[in-house]
Amino acid sequence: MLEFLLEKITGTKYFYSYFPEGNKNAPGMVAVDYDNDLKEVVKESDDDFENLYAIHAMHGISKGQTEGTVAWY
């Protein structure tokens, strides 16, 4: 599970902070360009081994969401 927050939009790119297991002390950042289907890890979280949470953030946040939770099982 991760929590996320939209930080900014630059052109068609959306930048989200993500927090593994809701840990606000270990933020990471991803960027998603929904128009061009491009995704990138901008900053890894210290709690995100092998970018597992970043991958879930890039694929689990829908365009238009400004904050929320992505959960998986």
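None of the values given here were measured: they were computed from a predicted structure. (Residues numbered from 1 in each chain as written. Predicted model: local features only at pLDDT ≥ 70, side-chain atom pairs only at ≥ 80, totals over all residues. Heavy atoms only, no water.)

J.: I keep staring at the overall build of the protein chain and nothing clicks. Help me out?
T.: Broken down by element type, the protein chain carries one helix and five strands. For a compact globule of 73 residues, the expected C-alpha radius of gyration is about 11 Å, and the protein chain comes in at 11 Å, within 12% of that figure. Here the C-alpha coordinates of the protein chain stretch approximately 30 × 20 × 20 Å along the principal axes. The buried share of the protein chain, reckoned over its 73 residues, is 32%. Nonlocal contacts in the protein chain, meaning residues at least 24 apart in sequence, comprise 37% of its contacts between residues at least 6 apart. The averaged location of the 13 negative side-chain charges in the protein chain is 7 Å from the averaged location of its 6 positive side-chain charges. (Helix = DSSP H or I, 4+ residues; strand = E, 2+ residues; numbered from the N terminus. Rg over C-alpha atoms; globule rule 2.2 N^0.38 Å. Buried < 20%, exposed > 50% of the residue type's maximum accessible area, 1.4 Å probe, protein only. Contact = heavy atoms within 4.5 Å. Lys, Arg positive; Asp, Glu negative; His and termini not counted. Charge placed at Lys NZ, Arg CZ, Asp CG, Glu CD.)

J.: How should the sheet that holds strand β3 (residues 28–33) be read in this particular structure?
T.: Backbone-to-backbone hydrogen bonds join strands into a sheet, with any given pair of strands oriented parallel or antiparallel. As summarised here, the arrangement of the five strands in space is β4-β3-β2-β1-β5, forming an open sheet in which the pairing is antiparallel. On the outer flanks of this sheet lie β4 (38–43) and β5 (67–70), each paired with one strand and no other. Across this sheet, the average inter-strand angle for adjacent strands is 30°, counted without regard to direction. Bridge analysis of strand β2 (residues 13–20) against β3 gives six bridges, and the strand direction is antiparallel. The residue of β3 that forms the bridge with Tyr-14 is Val-32. (Pairing = 2+ DSSP bridges. Axes fitted to C-alpha atoms, helices over the stretch in contact; angles between N-to-C directions.)

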